[in-house]
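Structural description and commentary
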Amino acid sequence: MTAQLVPDGILKKTDKILFIAHLALGDFTYLQNCFQAFAKAFPHIKIHIWVDEVRRTSKTEAWPFLKKYALYDWLAECPFVERIYQQTYSPALFEQSIAEAQQQDYPLVVSLSTLRPPMYATLARQISPRGFVAGMKKPFGMLAVHKRLAYRKLDAALDPDHGVRSGMHISEVYAGWFQQLFGMPAAGAERYPFVQIPAQWQSYAQNQLREWGFKYQEQAAGKLLFINPYAKNNKRCWPLERVVELVAALNQLDAWRGAHFIVNVVPEEMAHAQQFFAQHAAQQVRLFSAQENFFQLPAMLSECDLIVSVETAVMHLANAVHVPVVALMRQKNPEWAPIDQEHSVVITTANRRDWVKAITVAQVVDILGR
């Protein structure tokens, strides 16, 4: 069996570790388990996380949106994360964060970044000139001298695709990284996502439902369906027209008569969504957006009977709050399907090149009408 990449001797004498990653909400939904397992395996090591903003820009108009990234709310509540570097969204703040990290004199830095791994190998060494540095290393050609020079800065390297099999879930991939790096095994049950929702946000969701007139706690009340048609990539979005068609179709089914519908909207699209739904009167539909705090989202999800979502963080959070989910996915990334198969149904596009919008309302109704 191959020896772990970070030697036991390093782990025993290390008092803190810096993980560098470009984290999306979906990534953290599964990596969180790995960080928690690391904290249990090495309780003497404090975990610091550098969240690198891949959309870093000098355009000031983009900063407010990048600064208010929902993941930071989630990280701030994690008891096993000691420190977060989250101001990396502008070139100046990026350099300032590097200087702050250098002051920590990290004995151990690990980059989990799979995009542009040579750049992150260089960043890790820049932050820790004297420490043990491990990071991702992808195969490169003979002429890629800059990559060779960057990878030489690593004391240990991990190919993120090594050992990845067809059909392997992303959580198993991440667990495999930590096993190779630190010798940490992870059973299947330990890879299921979780989220601890602060009481104030659970109360917020319940109060919001009451304000909307959704009598969700009464026996005679109809079902509550959460629909998320938005993703960062247009290829993974479902048109709002389909949402309206779905609501209309479900209203014709006895099992869904009297149901209420919550449509999740990303903050930057709220004005457009309000205008769209104003033209399609539907009294049972309310628009929702977690504009104040990340935990508004899982709190609202946890109050619903069922969730329909395109392939984005919402479908993973559905598993985390133990609410059944119907996931609308392309064929391209099956490793990102919801992990809890017992409480998840995946509707996949017919062809590999299809966008999520190729999934019809009839396909969704066929599942929900059973």
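Our subject in this report is the structure included herewith. Since the model is a prediction, treat every value here as computed from it, not as a measurement.

The subject of this paragraph is the pattern of salt bridges. Any two side chains of opposite charge can pair, on the condition that their charged atoms come close. Taken as a whole and judged by the stated rule, the model has nine salt bridges. Across the pair Arg130 and Asp105 runs a salt bridge, and its minimum N-O distance is 3.0 Å. Taken as a pair, Arg130 in the loop between helix H6 (117-127) and strand S5 (132-136) and Asp105 in the loop between helix H5 (91-103) and strand S4 (108-111) lie far apart in primary sequence, 25 residues in all. We classify Asp105 as partly exposed; its relative accessible area is 43%. Here Asp155 and Arg125 are joined by a salt bridge, their closest N and O atoms 2.8 Å apart. With Asp155 in the loop between helix H7 (145-151) and strand S6 (156-158) and Arg125 in helix H6, this pair connects stretches of sequence that are 30 residues apart. Overall, the relative accessible area of 43% leaves Asp155 in the partly exposed class. When its relative accessible area of 17% is taken as the criterion, Arg125 is described as buried.

Turning next to the sheet that holds strand S3 (residues 83-85). Overall, parallel pairing links the six strands, which are arranged S3-S2-S1-S4-S5-S6 in an open sheet. Sheet topology places S3 and S6 at the edges, where each strand pairs with a single neighbour. On average, each strand axis in the sheet is tilted by 15° relative to the strand beside it, whichever way the strands run. Lying on the sheet, H6 is in contact with strand S1 (16-21), strand S2 (46-51), S4 and S5; it crosses S1 at an angle near 155°.

Residues Phe19, Phe38, Leu112, Phe178 and Phe182 are the most contacted members of the largest nonpolar core, which totals 77 residues. The residues touching Phe182, leaving out its near neighbours within four places in the chain, are Gln4, Val6, Leu11, Ile17, Phe19, Phe38, Phe42 and Val110. Judged by nonpolar contacts, the second largest core, of 34 residues, contains Met270, Phe276, Ile347 and Val356.

What describes a pair of aromatic rings is the distance from one ring centre to the other and the angle between the planes of the rings. Counted by the stated rule, this structure contains 25 aromatic pairs. With centroids separated by 6.0 Å and ring planes inclined at 75°, the aromatic side chains of Trp201 and Tyr204 adopt a geometry described as edge-to-face. In this pair, Trp201 and Tyr204 are both assigned in helix H9 (residues 199-211), three residues apart and thus about one turn of the helix distant. Owing to a relative accessible area of 9%, Trp201 belongs among the buried residues under this scheme. Relative to Phe214, the ring of Trp212 has its centre 5.8 Å away and its plane inclined at 55°; by these criteria the two rings are tilted. Each member of the pair, Trp212 together with Phe214, is buried.

Each value, and the rule that gives it
- Residues numbered from 1 in each chain as written.
- Predicted model: local features only at pLDDT ≥ 70, side-chain atom pairs only at ≥ 80, totals over all residues.
- Heavy atoms only, no water.
- Salt bridge = Lys/Arg side-chain N within 4 Å of Asp/Glu carboxyl O.
- Helix = DSSP H or I, 4+ residues; strand = E, 2+ residues; numbered from the N terminus.
- Buried < 20%, exposed > 50% of the residue type's maximum accessible area, 1.4 Å probe, protein only.
- Pairing = 2+ DSSP bridges.
- Axes fitted to C-alpha atoms, helices over the stretch in contact; angles between N-to-C directions.
- Contact = heavy atoms within 4.5 Å.
- Core = buried A, V, L, I, M, F, W, Y, C linked by side-chain atoms within 4.5 Å.
- Phe/Tyr/Trp six-rings, centres within 6.5 Å; stacked < 30°, edge-to-face > 60°.

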